[in-house]
Amino acid sequence: MVASWPEPIVSVQTLSQAGISTVPNRYVKPVHQRPVYNSDQSGLDMEVPVLDMRDVWRKPEGLRRVRNACEEWGFFQVVNHGVDHALMESVRGAWREFFDLPVEVKRKYANSPDTYEGYGSRVGVVKDAKLDWSDYFFLNYLPSSIRNPSKWPSQPPKIRELIEEYGEEVRKLCERLVETLSESLGLEPNHLMKAFGGEDKVGANLRANFYPKCPQPHLTLGLSSHSDPGGITIVLPDEEVAGLQVRRGDCWVTIKSVPNALIVNIGDQVQILSNGIYKSVEHQVVVNSGMDRVSLALFYNPRSDIPIGPVKALLTKDRPALYKPIRFDEYRLLIRQKGPSGKNQVDSLLAST
């Protein structure tokens, strides 16, 4: 494990606040990786599905809608999800206040690549890599034994309590969603959770993202294209500023946030467990020249020290295991070393490779 960053860390927010007129070269993406805005989406089904979880959990056809969303998109928005709307607003506001603190205060929580926990501005330890236009705060949440309260910010007031309260509500939502995914695959409700290692053994991390205003947003990305390495991700988006894009065929679709909705996306571990029935989909974040953007992601992951491979009940003669088993701690290490890399990680586990 690498203990230090290959170059000095620069706060992107500090660059933005300095009023620079051009993006420094280390943030300028190669032409083929720069943002794409699909202005003509006529005639195409280009809206990420929105699922009312009251209906999903009450009506038989709800599982079919979940399955369709997971097979076709790998992303969906959820409403009536059980997480308190006022709490969502409060925790998002608290993180915005944190990122507005002086950089000297934030740097007290500076992270390192051995755990990533704390305040940072890059993912990956490849020297001279092209960087993303964003800052973040990453912290461990589950299991509770790995929490380190000294790493959690103490400002603004009550942010630690809000993190705890929000994390607990989203944890409960994740447990219900894993059951729902299991049933939608035709399995028993607890089958996927057992494959995750059991609800008392799962892992979870929180990442608060800050995407500052950018003088040349067409040259860079707030977060490069990738699929999430874990199980499922719950995103609390910025309702005022869009930015999250999902790959749909050859297009990038910008998610239009629904009021009080959370965004759910399938991670690589569920793609592996479902033997490719459900897809983890590439996504990225674009930035803009007029407004900062804040979002909060909770990553709900399998137990890190057990092999994760396709569920045997989903294997058939015509569809044998597509992926080689791997422990999640080994798998996660790849992105922490190399940074975001499209679908390269999960594709590297295909049994035929």
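Residues numbered from 1 in each chain as written. Predicted model: local features only at pLDDT ≥ 70, side-chain atom pairs only at ≥ 80, totals over all residues. Heavy atoms only, no water.

The name given to the protein chain in an unreviewed UniProt entry is Fe2OG dioxygenase domain-containing protein, and the organism recorded there is Brassica carinata. Database annotation for the protein chain, UniProt heading Sequence similarities (unreviewed entry): "Belongs to the iron/ascorbate-dependent oxidoreductase family." (UniProt positions renumbered as here; feature names shortened; annotations may be inferred.)

Visitor: Hey, could you run me through the overall build of the protein chain in this one?
Guide: Within the protein chain, the secondary structure is distributed over 10 helices and 14 strands. The C-alpha atoms of the protein chain give a radius of gyration of 19 Å, which matches the 20 Å a tight globule of 353 residues would have. Principal-axis analysis of the C-alpha atoms gives the protein chain an extent of 60 × 45 × 40 Å. Every one of the 353 residues in the protein chain was classed for burial, and the buried ones make up 54%. Carbon and sulfur atoms make up 51% of the accessible area of the protein chain, which totals about 15,500 Å². Looking at the protein chain, you have 43 positive and 43 negative side-chain charges, and the mean spots of the two groups are 4 Å apart. (Helix = DSSP H or I, 4+ residues; strand = E, 2+ residues; numbered from the N terminus. Rg over C-alpha atoms; globule rule 2.2 N^0.38 Å. Buried < 20%, exposed > 50% of the residue type's maximum accessible area, 1.4 Å probe, protein only. Areas by Shrake-Rupley, 256 points an atom, 1.4 Å probe, with all protein chains shown as cover. Lys, Arg positive; Asp, Glu negative; His and termini not counted. Charge placed at Lys NZ, Arg CZ, Asp CG, Glu CD.)

Visitor: Would you mind going over the environment of Phe299 with me for this structure?
Guide: One can find Phe299 in strand 12 (residues 293–301). For Phe299, a relative accessible area of 18% gives the class buried. It is 8.1 Å that separates the C-alpha atoms of Phe299 and Arg207, two residues lying 92 residues apart in sequence. Ignoring any residue separated from it by four or fewer positions in sequence, one finds Phe299 in contact with Gly203, Ala204, Asn205, Arg207, Asp228, Ile232 and Thr233. (Contact = heavy atoms within 4.5 Å.)

Visitor: Hey, could you run me through the confidence of the model for the protein chain in this one?
Guide: Regions with low pLDDT carry predicted coordinates that are not meant to be interpreted in detail. Per-chain confidence: the protein chain averages 92 in pLDDT, with 94% of residues scoring 70 or above. For the stretch residues 40–44, pLDDT sits under 50, and the model shows two contacts to residues farther than four places along the chain or on other chains. (pLDDT = per-residue confidence, 0-100.)

Visitor: I tried to follow the nonpolar core on my own but got confused; where do I start?
Guide: A general feature of soluble globular proteins is that nonpolar side chains tend to end up buried together. Within the largest apolar cluster, 69 residues are counted, with the highest numbers of intra-cluster contacts made by Trp95, Phe98, Phe137, Tyr166, Ile232, Leu262 and Tyr300. Among the elements that take part in this core, helix 6 (residues 159–184) stands out by supplying 10 residues, more than any other. Apart from residues no more than four positions distant in its own chain, Phe98 is found in contact with Lys106, Tyr109, Tyr119, Phe137, Pro153, Gln155, Pro156 and Ile159. Formed by 26 residues, the second largest nonpolar core is a distinct cluster that contains Tyr27, Val28, Cys214 and Val287. (Core = buried A, V, L, I, M, F, W, Y, C linked by side-chain atoms within 4.5 Å.)

Visitor: Explain unusual backbone geometry here, please?
Guide: Residues other than glycine predominantly adopt negative phi, and peptide bonds predominantly adopt the trans conformation. Here the amide bond leading from Leu142 into Pro143 is cis, since omega sits at -5°, within 30 degrees of zero. Following the sequence through the fold, Pro143 ends up in the loop between strand 4 (135–142) and helix 6. Here the residue pair Gln155 and Pro156 is connected by a cis peptide bond, since its omega of 0° sits within 30 degrees of zero. Positionally, Pro156 belongs in the loop between strand 4 and helix 6.

Visitor: Please clarify how the packing of aromatic side chains should be interpreted in this entry.
Guide: The description of two aromatic rings rests on the distance between their centres and on the angle between their planes. The final tally for this structure, using the stated rule, is 13 aromatic pairs. Taking the centre distance of 6.2 Å and the plane angle of 75° together, the rings of Phe98 and Tyr119 count as edge-to-face. Highlighted residues: Phe98 in helix 4 (residues 85–99) and Tyr119 in strand 3 (residues 118–120), separated in sequence by 21 residues. Considered together, Phe98 and Tyr119 belong to a single accessibility category, that of buried residues. (Phe/Tyr/Trp six-rings, centres within 6.5 Å; stacked < 30°, edge-to-face > 60°.)

Visitor: For this particular structure, what's the right way to read helix 4?
Guide: In an α-helix, one turn spans 3.6 residues, which is why side chains three or four residues apart end up on the same side. Here helix 4 contains 15 residues, and its C-alpha end-to-end distance of 22 Å stays within 8% of the 21 Å for a straight helix at 1.5 Å per residue. Within helix 4, the full set of buried residues consists of Leu87, Met88, Val91, Arg92, Ala94, Trp95, Phe98 and Phe99. Seen end-on, helix 4 carries its buried residues on one side only, within an arc spanning 155°. The opening residue of helix 4 is Asp84, an N-cap whose side-chain oxygen sits 3.1 Å from the backbone nitrogen of Ala86. (Expected span 1.5 Å × (residues − 1). Arc of directions from axis to C-beta. Polar contact = N/O pair within 3.5 Å; in protein donor to acceptor, adjacent residues only side chain to side chain.)

Visitor: Please explain helix 6 as it appears in this structure.
Guide: In this model helix 6 runs 36 Å from its N-terminal to its C-terminal C-alpha over 26 residues, within 8% of the 38 Å that 1.5 Å per residue would give. Phi turns positive, to about 85°, at Gly186, one or two residues after helix 6.

Visitor: What's the story with the UniProt feature "domain: Fe2OG dioxygenase" (unreviewed entry) in the protein chain in this structure? I'm lost.
Guide: The UniProt record annotates "domain: Fe2OG dioxygenase" (unreviewed entry) at residues 201–302. Counted over residues 201–302, helix gives 6% and strand 43%. Its end C-alpha atoms are 8 Å apart.

Visitor: What's the story with the sheet that holds strand 6 (residues 223–226) in this structure? I'm lost.
Guide: Within a sheet, each strand pairs with its neighbour through backbone hydrogen bonds, oriented either parallel or antiparallel. Strand order in this open sheet of four strands is 6-11-8-9, and the pairing throughout is antiparallel. Edge positions in the sheet fall to strand 6 and strand 9 (251–254), since each has one partner strand and no second. Strand-to-strand twist in this sheet, taken as the mean axis angle between neighbours without regard to direction, amounts to 25°. Bridge count between strand 6 and strand 11 (residues 283–285): two bridges; the pairing is antiparallel. When the sheet's bridge partners are listed, Leu223 is paired in strand 11 with Val285. (Pairing = 2+ DSSP bridges. Axes fitted to C-alpha atoms, helices over the stretch in contact; angles between N-to-C directions.)

Visitor: What is the right way to read empty space enclosed by the protein from this model?
Guide: Regions of empty space are outlined by a rolling probe, equal in size to a water molecule, passed over the atoms. Per the stated rule, a full pass over the model turns up three cavities of 30 Å³ or more. The volume enclosed by the largest cavity comes to roughly 520 Å³. When contributions to the lining of the largest cavity are tallied by element, the ones reaching two or more residues are strand 4, strand 5 (203–211), strand 6, strand 7 (232–236), strand 11, strand 12 and helix 9 (328–338). Among the elements that line the lining of the largest cavity, the one with the most residues is strand 12, at five residues. Of the residues that constitute the lining of the largest cavity, the class distribution is 16 nonpolar, nine polar and five charged. (1 Å grid on protein atoms, 1.4 Å probe; cavity = no way out; pocket = protein on both sides within 12 Å on 5 of 7 lines; lining within 4 Å. Points joined across faces, edges and corners; volume = space filled by probe spheres on them. Nonpolar A, V, L, I, M, F, W, Y, C, P; charged D, E, K, R; others polar.)

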